[in-house]
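The chain contents come next:
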Amino acid sequence: MDTVNVKIGEETRQYERGTSLYDISLDFKDKYEYDIILASVDGKLTELFKKITKDCSVEFLDLKTQAGYKTYRRTVELVLLKSIYDVCGTDNVKRVVVKFTIDHAAWFEYEGKRPLDEALVREIDERMQTLVKEKHIINKSTIPTAVAVERFHRHHMYDKEKLFGYRRSSNVNVYQLDNYEDYFYGYMAPDTSFVKYYELYYYEGGIALQLPSIKKPDVVPEFLPVKSVFDEMKSSIEWNKMLNITTIAHLNDKIADGTIEDMILVNEALQEAKIAEIAKRIAADKNIKFVMIAGPSSSGKTTFSHRLSIQLRVQGLNPHPIEVDNYFVDRDQTPIDENGDYDFESIDAIDIELFNKQMTELKEGKEVSLPTFNFLKGEKEYKGNKLKLEDGDILVLEGIHCLNDKLSYSLDKNSKFKIFIATLTTLNVDEHNRISTTDDRLIRRMIRDNRTRGINARETIARWPSVRRGEERNIYPFEKDADVIFNTALIYELAVLKMYAEPLLFSIPKDCEEYHEAKRLLKFLDYFLGLNNDDVPTNSLVREFIGNGLLKK
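Asks: What exactly am I supposed to notice about the environment of Gly-112 here?
Replies: Of note, Gly-112 is situated in strand E7 (residues 105–112). Each C-alpha atom, one on Gly-112 and one on Gly-89, is 9.6 Å from the other, the two residues being 23 residues apart in sequence.

If you want it as structure tokens, here you go:
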């Protein structure tokens, strides 16, 4: 028998040459808490249908890993799309587009001869369940790009057709599920039986595909969307349509034909108009003394607070921006997370008592000496930054915990106006591949970390899961309490960020854990034509990350 040696962890076993990774994974499934869905073979991510043909080292990835979880999400979406076409009939479906995520759910827009309603969603759900039970094989094939363009034109998937027009590679990987074929950015499970955990809902005229979180990948949480976030996403999408830029290919068209500058100006003007509307709301309520701005990492809180301050001045107010990060406790008092690392996202990392004491004193008209946190030393410093509020003065506070009343427990609720800052990316790769909001923020943070703190991309990627866990605990539970949601995502920004992120990602060595994520992000950024930063306005939110902005911290 022709065999190969497969090293898995500390154990080496012999398998017949040509054995699939899926069959090998069955021997190790009891060693994993969740379903194995992907593998890393000699450091390269590999789908389970692949066969072993030589001696190698294998690491299996279950649903709780980043790559495994994303593979699961992608596979569920493929099964959903296949089910829609099965139930409605291929000729009756005009268009199905995944628009965005809300509360762990991907929201799909459907257009077809049969109107979408609760009954149709139930039929689609039943078809999905049947496909899962019947264990349909998902096949992968590599075809020439020119063939893919023609094929997806025939399938009426025009966004994919346009996307491949900018593809430099001569080949494209296509997945096939029975008679349905599609292109996806990333890996797939080997068959439909892996898709066990999901719920389907008819919501706001579309289909909401609710999935588990990576923290509990085998439990589907209750679907509790925040309506204000959904409405902001829908509004942003309508503006994208007005600008005729809903996918990366549309953005690339603007860059290629030299009309991107006008689009940038319109996009920035729209954002400024929304900031002006918020300032008017604040100025109309004389009880408001504290504008509380919160949002996840790299959402653009600092720049937004400065731009809002300018608009508040237009309304006759005198705003004072304050970063809550300056109220960090000294490093030796910083709480530790479950991995033994400093938990800077915890509210207990903030000197809450000092913060409330000074905010109360300011409201009472007293003069206070504001701290400045020295991140290198890990301690607060006082550099003579004194403040006393006069008539018409208002405080603009930004920090990840600003919507949590525990932070400002001593302040009257009527004196606070809460703003949640989100990076709600509404640009799609194509019809069925959305751009992750967290990817946008990770790329932003990577660039800023390197520019302002000398932190390399590998370290930023390594820390990102901890940051995300902190956000789920400390930030997102409070977004529903916001008086307004503000979207900081700009349609064009990833084309600019690409130019800064790629060199940082290429510097990550192949032999480290973060290489897989770096490679994935590089593949993602390769879809974009690069855009020089010359056309980025100096007060743009993008400048907070790439530098040379008019608004200084």
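And the narrative resumes.
Asks: Looking at this structure, I do not really get the sheet that holds strand E8 (residues 138–144). What am I missing?
Replies: Two modes of strand pairing occur in sheets, parallel and antiparallel, and in both the strands are linked by backbone hydrogen bonds. Spatial ordering of the open sheet is given by E8-E9-E10, a layout of three strands whose pairing is antiparallel. Edge strands, defined here as strands with exactly one partner in the open sheet, are E8 and strand E10 (180–182). Neighbouring strand axes in the sheet, compared pairwise and without regard to direction, differ in orientation by 30° on average. With three bridges connecting them, strand E9 (residues 171–177) and E10 associate as antiparallel partners. Considered in E10, the bridge of Gln-176 is made with Glu-181. Helix H2 (residues 66–88) contacts E8, E9 and E10 of the sheet and is inclined by roughly 135° relative to E10. Sitting on the sheet, helix H4 (residues 145–154) is in contact with E8, E9 and E10, with an inclination near 115° to E8.

Asks: Please explain the sheet that holds strand E23 (residues 484–487) as it appears in this structure.
Replies: The five strands lie next to each other as E14-E19-E13-E20-E23, forming an open sheet whose pairing is parallel. Edge positions in the sheet fall to strand E14 (318–323) and E23, since each of these pairs with one other strand and no more. In this sheet, neighbouring strand axes are inclined to one another by 25° on average, regardless of whether the strands run parallel or antiparallel. Judged from the six bridges that link them, E14 and strand E19 (residues 393–398) form a sheet pairing that is parallel. Across the sheet, residue Asn-318 finds its bridge partner in E19, namely Asp-393. Sheet strands in contact with helix H8 (residues 260–283) are strand E13 (290–294), E19, strand E20 (416–422) and E23, and its direction is about 160° off that of E23.

Asks: Sorry, what's going on with the packing of helix H6 (residues 227–243) against H8 here?
Replies: Geometry of a packed helix pair, given as the angle between the helix axes and the separation of the axes. At a minimum axis distance of 11 Å, the contact between H6 and H8 shows a crossing angle of 150°. Viewed along their axes, H6 and H8 adopt a mutual orientation that is roughly antiparallel. Where H6 crosses over H8, the two elements pack in a sense that is right-handed. Taken together, the residues of H8 that come into contact with H6 (itself represented by Glu-232, Ser-235, Ser-236, Trp-239 and Leu-243) are Met-263, Val-266, Leu-270 and Lys-274. Among the residues forming the contact of H6 with H8, the class breakdown is five nonpolar, two polar and two charged.

Asks: Help me out: how do you make sense of unusual backbone geometry in this one?
Replies: Among all residues save glycine, negative phi is the norm, and among peptide bonds the norm is trans. Its identity is not glycine, yet Lys-135 carries a phi of approximately 55°, on the positive side. According to the relative accessible area criterion, Lys-135 is partly exposed, its value standing at 37%. Despite not being glycine, Glu-204 shows a phi value in the positive range, around 50°. Relative to the assigned elements, Glu-204 resides in the loop between strand E11 (199–203) and strand E12 (206–210). Accessibility expressed as a relative area gives 40% for Glu-204, which makes it partly exposed.

Asks: Can you walk me through the pairing of E13 in this structure?
Replies: Side-chain positions along a regular strand alternate between the two faces of the sheet. The buried fraction of E13 is high, at five of five residues. Burial along E13 is two-sided: Phe-290, Met-292 and Ala-294 and Val-291 and Ile-293, pointing in opposite directions, are all buried. Sheet topology note: the E13/E19 ladder contains four bridges and is parallel. Bridging across to E19, Ile-293 finds its partner in Glu-398. As paired strands, E13 and E20 are joined by five bridges and run parallel to one another. Bridge pairing in E20 links Phe-290 to Lys-416.

Asks: Any chance you could explain the side chain of Thr-71 here in plain terms?
Replies: Mapped onto the fold, Thr-71 is located in helix H2. Residue Thr-71 is classed as buried on the basis of its relative accessible area, which comes to 1%. One polar contact links the side chain of Thr-71 to the main-chain carbonyl oxygen of Ala-67, over a distance of 2.8 Å. Non-local contacts of Thr-71, meaning those with residues more than four positions away in its chain, are made with Ile-37, Leu-38, Tyr-187, Met-188 and Ala-189.

Criteria and cut-off values
Residues numbered from 1 in each chain as written. Predicted model: local features only at pLDDT ≥ 70, side-chain atom pairs only at ≥ 80, totals over all residues. Heavy atoms only, no water. Helix = DSSP H or I, 4+ residues; strand = E, 2+ residues; numbered from the N terminus. Pairing = 2+ DSSP bridges. Axes fitted to C-alpha atoms, helices over the stretch in contact; angles between N-to-C directions. Contact = heavy atoms within 4.5 Å. Parallel < 35°, antiparallel > 145°, perpendicular 65-115°, else oblique. Left-handed = near helix turned anticlockwise from the far one by under 90°. Nonpolar A, V, L, I, M, F, W, Y, C, P; charged D, E, K, R; others polar. Buried < 20%, exposed > 50% of the residue type's maximum accessible area, 1.4 Å probe, protein only. Polar contact = N/O pair within 3.5 Å; in protein donor to acceptor, adjacent residues only side chain to side chain.

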